[in-house]
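# A look at the structure
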Amino acid sequence: MLVALSENFGTDLARGIGAIMLYAIVGLVLMVLGFYAIDLTTPGKLSELVRAGLPNAVVITASGLVSMAFIVVVAIWTSASDLLEGLITSLVYGLVGIVAQVLAVRSLEWVTRIDVRSTIESEKYTPASFIVAAAHLALGLVVAVAIS
């Protein structure tokens, strides 16, 4: 059986693959920036604490990364249909979302009076890490929806 493809099929396919790669790069850049934003604004060096296997640091870092992913995904999802405009709006909305997320989480931590430094540096699991993790996730969703 012979299947006829449209004459633009190859071009459209190549353009789609290129767009995927470009959005993946923008997403990766935003995730890396988001991680550093969390790391710089959280007491202690998160990457070192995670490598040391401190359970609270792992919980808080993982939730921070997932919350940043919410923001990045929605920034890409709501981007303009034109490829260049879409990449630019994804990057800008993602950066604004990361800043909003970090400020919101730090504000909530201040309101709850959780000693984040002692929580993440503890060698034993502490329930307070789930409060911080929940704040990351909840506020990540709020910021993501605000982008949309």
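Bear in mind the structure is a predicted one, so any value in this text is a computation, not a measurement.

On a plain count of helices and strands, the chain comes out with 6 helices and 0 strands. Each helix and strand of the chain, ordered N terminal to C terminal, gives the series α-α-α-α-α-α. The globule rule puts the C-alpha radius of gyration for 148 residues at 15 Å, and the 19 Å found for the chain is more than 25% above it. Projected onto the principal axes, the alpha-carbon positions of the chain cover approximately 65 × 30 × 25 Å. The long-range fraction of contacts in the chain, counting pairs at least 24 apart against all pairs at least 6 apart in sequence, stands at 80%. Carbon and sulfur atoms provide 73% of the accessible area of the chain, an area that totals close to 8,700 Å². Each charge class in the chain can be summarised by its mean position, and for the 7 positive and 10 negative side chains these summaries are 12 Å apart.

Mapped onto the present numbering, the UniProt feature "transmembrane region" (unreviewed entry) falls on residues 20-38, 58-80, 86-105 and 125-147. For residues 20-38, the end-to-end C-alpha separation is 26 Å, with 100% helix and 0% strand making up the annotated structure. When the span residues 58-80 is considered, its composition is 87% helix and 0% strand, and the gap between its end C-alpha atoms is 35 Å.

Mapping L83 onto the fold places it in helix 4 (residues 83-112). With 30 residues separating them in the primary sequence, L83 and R113 have C-alpha atoms 44 Å apart. With residues up to four places along the chain from it excluded, the contact list for L83 reads R15, A19, L22 and Y23.

Close contact between helix 3 (residues 55-77) and helix 4 brings their axes to 8 Å; oriented N to C, the two are set at 150°. The angle between the axes of helix 3 and helix 4 places the two elements in the roughly antiparallel class. Note that helix 3 runs across helix 4; the crossing there is right-handed. Residues S67, M68, I71, A75 and I76 of helix 3 lie in contact with helix 4, whose contacting residues are S90, Y93, G94, G97, I98, Q101 and V102. Residue composition of the contact of helix 3 with helix 4, grouped by class: 7 nonpolar, 5 polar and no charged.

The next subject is the environment of L108. Tracing the chain through its elements places L108 in helix 4. L108 sits 31 residues away from L139 along the chain, and the two C-alpha atoms are 9.3 Å apart. Contacts of L108, omitting those with residues within four sequence positions, involve A135 and L139.

Cut-offs applied
- Residues numbered from 1 in each chain as written.
- Predicted model: local features only at pLDDT ≥ 70, side-chain atom pairs only at ≥ 80, totals over all residues.
- Heavy atoms only, no water.
- Helix = DSSP H or I, 4+ residues; strand = E, 2+ residues; numbered from the N terminus.
- Rg over C-alpha atoms; globule rule 2.2 N^0.38 Å.
- Contact = heavy atoms within 4.5 Å.
- Areas by Shrake-Rupley, 256 points an atom, 1.4 Å probe, with all protein chains shown as cover.
- Lys, Arg positive; Asp, Glu negative; His and termini not counted.
- Charge placed at Lys NZ, Arg CZ, Asp CG, Glu CD.
- UniProt positions renumbered as here; feature names shortened; annotations may be inferred.
- Axes fitted to C-alpha atoms, helices over the stretch in contact; angles between N-to-C directions.
- Parallel < 35°, antiparallel > 145°, perpendicular 65-115°, else oblique.
- Left-handed = near helix turned anticlockwise from the far one by under 90°.
- Nonpolar A, V, L, I, M, F, W, Y, C, P; charged D, E, K, R; others polar.

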